[in-house]
Amino acid sequence: MTPTETRTQYQEELERLEASALDGLDMVSTALQRTLEAVEQQDVELAQLVVADDDRIDGRYLEVHQSLITLLATQSPVATDLRLISALLHVLKNVERMGDQCVNICKMIPLSGNEPPADPEMVKLILSMGGQARALISQAKRAFAGRDVELARDLVIQDDMVDELNRDCFRLALEIGDDADRREWAMTMLLGARAIERIADNAVDIGEQVAFVVTGLFREFEDASHPAG
Amino acid sequence: MDSRHPTQSQTMTEPTPEPQASAPQRGPAISIAGSSGPRPLKKGRDVGNVQLKDLNAHYGANHAVRGVSLDFDADRVTAIIGPSGCGKSTMVRCINRMHEEISGARASGQVLLDGLDLYDKAIDVVAVRRAVGMVFQKPNPFPTMSVLDNVTAGLRLTGASRGELEDRGHEALVGAGLWDEVKDRLKAPGAGLSGGQQQRLCIARALAVEPEVLLMDEPCSALDPVATLKIEELIGELKQRVTVVIVTHNMQQAARVADTTVFMLGGELVEVGPTDKMFTNPDDDRTEQYVTGKFG
């Protein structure tokens, strides 16, 4: 028997939706870049732009999500296709959550006012965290597109660096002194650091979906409730 | 099969023996010529295990089934999937020796039912088909017979009494999920039923002789979606009493009804496994390509 290729339109649609979902990671990366700039510059207008622009990320989520549901309903995907669609639904959710974290950070910027940063060292740490988180987003996208499980697993190592920077932020906040205004600023920045740390976690979640698509088995790379060693 | 039947092709062309008149049997039995009577098989959940051992089937020069070894476990539904011409129907027809009815067809290897070689020379082929029932693609009720007569057609060959025929007919119609729909027209022609009802009538006819195994070759391909779903629900119930082997082109149907799925290609068994695994993470790339529709 000579197999003949079939379902080319369906396959093209699935490829288009994967590209569209992964493109959402670029949108998030851009949003995070602007968020970091807004934090660094205490730029309230830029922060408001990020908040408004989150509708585009949410729109991408809704559009691709609906199309994937339609594919499930009409094409009965199985095997790798089914795993891919399941993974893309997770990716979309992570993209949407990362966008929301950027919004969370940007909404806090007006709280800290237009005054100069209370602690440049802490701002530097947050910018470093943000840069590292953007690198994770990019790596997650490459791992997914290339079905590269090793690259996906490496996200855990990169995420550890973000976690370490987050702990440094916490230590700085503790040392910031007794002044109420400075403490309030530090607490606000800590929430921002926490949001960036979650963005990095979302990137690791996407990496776990890469492994699921490739192997068919879902395993958390790291179990937060049962950390290794 | 080969070692016991060096001239297997001759065996396949032997005339089908007439059914032996015997006392009505309340259970499947495969009679062995020379024995004192029908040989009752053990009943219970472990009855109805089918084993294929290095099964090969030919149509003349066409080698349709190539060295398939496979177990069909009792009380499970096994779906056979694969593209047209992959040998799935031929393989199934070898189980109840229907394959040998085709001119020029031959088979080798072994087909065991609960350890009994169904191709053993001592085995009565009619008893084989009583123990291994079959439902075909298109419903094929006897057009001039009533609903009840259709169901009991096979039983009458056993010499069952009228009362027993009615009891067993009723039981089979209930088992096929058809009783409520036909109880008031048991004397009406079977051909007057809808397509879905006719197919369930054929299932009832197969069940009436209490088979251990029920082979279903594309049983829903001529039915509408509602009738299809009724048959699929019925399959889920039937597996409690018979081993079900279903050949289907509809992969969603296989996914819905089968516990185990077998994928065949070019006459060979490519992969067999739990249905959920076969449709989410098959081991063989050819299975993956087929179930995802990348070829057909």
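A. Region of the structure containing the overall build of chain A. Helix and strand content of chain A: six helices and zero strands. If you list the helices and strands of chain A from N to C, you get α-α-α-α-α-α. In terms of its C-alpha atoms, chain A occupies a principal-axis envelope of roughly 80 × 45 × 25 Å. The 229 residues of chain A split such that 38% are buried. Sequence-distant contacts in chain A: of pairs separated by 6 or more residues, those separated by 24 or more amount to 81%.

B. Structural context of the sheet that holds strand β11 (residues 260-265) of chain B. Residue and element names in this part refer to chain B. Taken in spatial order, the six strands of this open sheet run β8-β9-β10-β5-β11-β12, and their pairing is mixed. Sheet topology places β8 (132-135) and β12 (268-274) at the edges, where each strand pairs with a single neighbour. If you compare each strand with its neighbour and ignore which way they point, the axes differ by 20° on average. When β8 meets strand β9 (residues 213-217), the two strands line up parallel, connected through four bridges. The residue of β9 that forms the bridge with Val135 is Met216. The strands that helix α7 (residues 195-208) touches are β8 and β9; relative to β8, the one it contacts most, it runs at about 170°.

C. Examining the pairing of strand β5 (residues 77-81) of chain B more closely. All names here are of chain B. Among the five residues that make up β5, five are buried, leaving the element largely enclosed by the rest of the structure. Burial along β5 is two-sided: Val77, Ala79 and Ile81 facing one way and Thr78 and Ile80 facing the other are all buried. Looking at chain direction, β5 and strand β10 (residues 243-247) are connected through four bridges and run parallel. Bridging across to β10, Thr78 finds its partner in Val245. Examined bridge by bridge, β5 and β11 share four bridges and lie parallel to one another. Residue Thr78 lies in a different strand from β11, and its bridge partner there is Thr260.

D. Examining the sheet that holds strand β4 (residues 62-72) of chain B more closely. Pairing within the open sheet is antiparallel, and its four strands lie in the order β4-β3-β6-β7 (chain B). This sheet does not close on itself; its edge strands, each paired only once, are β4 and β7 (116-117) of chain B.

E. Main features of helix α5 (residues 162-175) of chain B. Residues and elements named next belong to chain B. Relative to the 20 Å expected for 14 residues at 1.5 Å per residue, α5 spans 20 Å between its end C-alpha atoms, a close match to the ideal helical length. For α5, the set of buried residues is Leu165, Arg168, Gly169, Ala172, Leu173 and Gly175. Down the axis of α5, the sector holding all buried residues measures 155°, keeping them to one side. On its buried face, α5 is in contact with α4 (147-156), α6 (179-182) and α7. A positive backbone phi angle near 70° is found at Gly177, which sits one or two residues after α5.

F. Looking closely at the nonpolar core. Core analysis: the biggest nonpolar cluster contains 143 residues, and Ala204, Val213, Val245 and Ile246 of chain B have the highest contact counts within it. With 15 residues, helix α6 (residues 180-215) of chain A is the largest single contributor of residues to this core. When near neighbours in sequence (up to four residues on either side) are disregarded, Val213 of chain B contacts Gly48, Val50, Ile95, Leu113, Ala131, Val132, Val242, Thr243 and Val245 of chain B.

G. Structural context of the interface of chain B and chain A. Each partner contributes to the interface: chain B provides 17 residues, whereas chain A provides 14 residues. Contributing elements (two or more residues each) for the side of chain B that touches chain A: α10 (275-280) and α11 (285-291) of chain B. Of the residues contributing to the side of chain B that touches chain A, the split by class is seven nonpolar, eight polar and two charged.

H. Local environment of the environment of Glu208 of chain A. Residues and elements named next belong to chain A. Here Glu208 is to be found in helix α6. For the pair Glu208 and Phe218, spaced ten residues apart in the sequence, the C-alpha separation amounts to 7.1 Å. Residues within four places of Glu208 in sequence aside, it is in contact with Phe218, Glu220 and Phe221.

I. Local environment of the confidence of the model for chain B. Residues and elements named next belong to chain B. Scored by pLDDT, chain B comes out at a mean of 85, with 84% of its residues at no less than 70. When the criterion is pLDDT under 50, residues 2-29 qualifies, and its contacts beyond four places in sequence or with other chains add up to 49 contacts. A low-confidence stretch, residues 31-44 stays under pLDDT 50, and its non-local contacts, those more than four residues away or across chains, total 27 contacts. Confidence estimates for the predicted assembly give a pTM of 0.78 and an ipTM of 0.73.

J. Focus on the packing of α5 of chain B against α7 of chain B. Residues and elements named next belong to chain B. At their nearest, the axes of α5 and α7 sit 8 Å apart, and the two run at 130° to each other. For the element pair α5 / α7, the angle class is oblique. For α5 against α7, the interelement crossing comes out right-handed. Every residue of α7 that contacts α5 at Arg168, Gly169, Ala172, Leu173 and Gly175 is listed here: Ala204, Leu207 and Ala208. Split by residue class, the contact of α5 with α7 holds five nonpolar, two polar and one charged.

The rules we used
- Residues numbered from 1 in each chain as written.
- Chains lettered and ligands numbered in written order.
- Predicted model: local features only at pLDDT ≥ 70, side-chain atom pairs only at ≥ 80, totals over all residues.
- Helix = DSSP H or I, 4+ residues; strand = E, 2+ residues; numbered from the N terminus.
- Buried ≥ 20, exposed ≤ 12 C-beta atoms within 10 Å, placed from the backbone.
- Contact = placed C-beta atoms within 7 Å.
- Pairing = 2+ DSSP bridges.
- Axes fitted to C-alpha atoms, helices over the stretch in contact; angles between N-to-C directions.
- Expected span 1.5 Å × (residues − 1).
- Arc of directions from axis to C-beta.
- Core = buried A, V, L, I, M, F, W, Y, C linked by C-beta atoms within 7 Å.
- Nonpolar A, V, L, I, M, F, W, Y, C, P; charged D, E, K, R; others polar.
- pLDDT = per-residue confidence, 0-100.
- Parallel < 35°, antiparallel > 145°, perpendicular 65-115°, else oblique.
- Left-handed = near helix turned anticlockwise from the far one by under 90°.

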